[in-house]
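Listed below, chain by chain, are the residues.
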Amino acid sequence: IYFNLENNEIVSQNLRTDWDIAFEAKSLGWHVILNSSLGGKAANSGLSDFNDVVSLSGNEVWRVDDPTGNLDSTAIGNYTATNNVYIVDRGYNISGGAIGLKKVKIEYLSSSDSYQFRCASLDGSNDFTQTIEKDTNYKFIAFSLTANGLVDIEPLKYNWDLLFTKYLEIFPGVGPYGLTGVLTNTFQLVEVATDTLLEFDSISLDIVEQFDFSNHMNAIGWDWKSYDFSSGGFSVDSDINFVIKNTNGMYYKLRFIDFYNDLGEKGAPKFELQKL
């Protein structure tokens, strides 16, 4: 769910399973990301001939996109330097079943500022080649490997600030783990500061300069809530305050109040929001 702070409204929403891979849309941008909400990951096959990749070798080094949004640390990485075929694990569907593997070879066409990529199942079936034309009004252009076509996912890049979603967080010694939380539109300069010392009502515009702001996409993240194994439910820490600078340079304060809707169903974050 994509949310606009200034208008206090949902801009757009989609199913997690609607897309698999997305291409950076800014001029001269060449990065490619995967659908972290499904647990998407990729491995460099080490082979440049598309037809030579027919199965897993067992020696794959699987990578996921950096949850901070650092485009220099994506699962696919700098494919322009390798010209290799990548194996993409599409992750898991809503029911937890594995979606499957694809082999992908990507070429950034700098002369036309577009992409061309080839994709197939490991056995060579469902082989197709697609050209992706950029639209700089967006941050990324998404593609579905189920529909084998472009899909509208992200709103216009200036129209959203927060993304409520599931994503992969990386924990030392554990690795990537899927969590429900909030990501920010850091590519449009959204920044977040976290405060646990002040009362929510006491935070005002004249003190925002005392906060340390982060441009990490997962600066709000997931840990404003916690799971109680004894009760089998989530609780929200309403003493955690977030001060957010949006795409237009305006400041807001936000705190979470609940993670359940009126029917007691989880995954429905309720928050208090005020412009400073």
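Let us look at the structure shown here. (Residues numbered from 1 in each chain as written. Predicted model: local features only at pLDDT ≥ 70, side-chain atom pairs only at ≥ 80, totals over all residues. Heavy atoms only, no water.)

Considering all chains together, one arrives at one cavity of 30 Å³ or more under this definition. There is about 40 Å³ of room inside the largest cavity. Lining the largest cavity are Trp19, Asp20, Leu34, Asn35, Leu38, Gly40, Val88, Asp89 and Arg90. (1 Å grid on protein atoms, 1.4 Å probe; cavity = no way out; pocket = protein on both sides within 12 Å on 5 of 7 lines; lining within 4 Å. Points joined across faces, edges and corners; volume = space filled by probe spheres on them.)

Taking strand neighbours across the sheet as the criterion, the four strands line up as β14-β17-β18-β19 in an open arrangement whose pairing is antiparallel. Looking at which strands have only one partner, the edges of the open sheet turn out to be β14 (191-195) and β19 (266-275). Adjacent strand axes in the sheet meet at a mean angle of 30 degrees when their direction is disregarded. One ladder, built from seven bridges, connects strand β18 (residues 251-260) with β19; its direction is antiparallel. For Phe256, the partnering residue across the bridge sits in β19 and is Phe271. (Pairing = 2+ DSSP bridges. Helix = DSSP H or I, 4+ residues; strand = E, 2+ residues; numbered from the N terminus. Axes fitted to C-alpha atoms, helices over the stretch in contact; angles between N-to-C directions.)

Considering only enclosed or pocket space, the second largest pocket measures out at about 300 Å³ in volume. Around the second largest pocket sit 18 residues that line it, and Leu38, Gly39, Tyr92, Leu168 and Gly178 are the ones nearest its centre. Among the secondary structure elements, those contributing two or more residues to the lining of the second largest pocket are β12 (162-171) and β13 (175-184). The greatest single-element share of the lining of the second largest pocket, amounting to three residues, is contributed by β13. Split by residue class, the lining of the second largest pocket holds eight nonpolar, six polar and four charged. (Nonpolar A, V, L, I, M, F, W, Y, C, P; charged D, E, K, R; others polar.)

As a general feature of sheets, a regular strand has side chains that alternate between the two faces. By the criterion of burial, strand β8 (residues 114-120) is predominantly enclosed, with five of the seven residues buried. For strand β7 (residues 101-109) and β8, the ladder comprises seven bridges, and the chain directions are antiparallel. Its bridge partner lying in β8, Ile106 is registered against Phe117. Count of turn residues in the β7/β8 antiparallel hairpin: four residues, of which Asp113 carries a positive phi of about 50 degrees. One ladder, built from six bridges, connects β8 with strand β9 (residues 128-133); its direction is antiparallel. Across the sheet, residue Cys119 finds its bridge partner in β9, namely Phe128. (Buried < 20%, exposed > 50% of the residue type's maximum accessible area, 1.4 Å probe, protein only.)

In this section: the nonpolar core. The biggest cluster of nonpolar side chains holds 22 residues, and the ones touching the most others in it are Phe23, Ile76, Ile106 and Phe117. Elements represented by at least two residues in this core include exactly β3 (21-24), β4 (32-34), β6 (86-89), β7, β8, β9 and β10 (140-144). If sequence neighbours within four positions are ignored, Phe23 has contacts with His31, Val32, Ile106, Tyr115, Phe117, Ile132, Lys139, Phe140, Ile141 and Phe143. (Core = buried A, V, L, I, M, F, W, Y, C linked by side-chain atoms within 4.5 Å. Contact = heavy atoms within 4.5 Å.)

By the secondary structure assignment, His31 is in the loop between β3 and β4. Judged by its relative accessible area of 10%, His31 is buried. His31 sits 77 residues away from Tyr108 along the chain, and the two C-alpha atoms are 9.0 Å apart. Excluding residues within four positions of it along the chain, His31 makes contact with Ala22, Phe23, Glu24, Leu71, Asp72, Tyr115 and Phe140. Within polar-contact distance, the side chain of His31 engages the side chain of Glu24 at 2.7 Å. Among the polar contacts listed, one links the side chain of His31 to the backbone oxygen of Leu71, at a separation of 3.4 Å. (Polar contact = N/O pair within 3.5 Å; in protein donor to acceptor, adjacent residues only side chain to side chain.)

Let us look at unusual backbone geometry. Although it is not a glycine, Leu28 adopts a positive phi angle of roughly 70 degrees. Positive phi, close to 50 degrees, is recorded for Asp113, a residue that is not glycine. Asp113 gets classed as buried once you look at its relative accessible area, which sits at 17%.

One open sheet holds the four strands; their spatial order is β4-β3-β10-β11, and the pairing between them is antiparallel. What marks the edges here is a single partner per strand, and that holds for β4 and β11 (149-151). Recorded for the sheet is a direction-independent mean angle of 35 degrees between the axes of neighbouring strands. Both β3 and β10 contribute to a ladder of four bridges, which runs antiparallel. Bridge assignment links Glu24 to a residue of β10, and that residue is Phe140.

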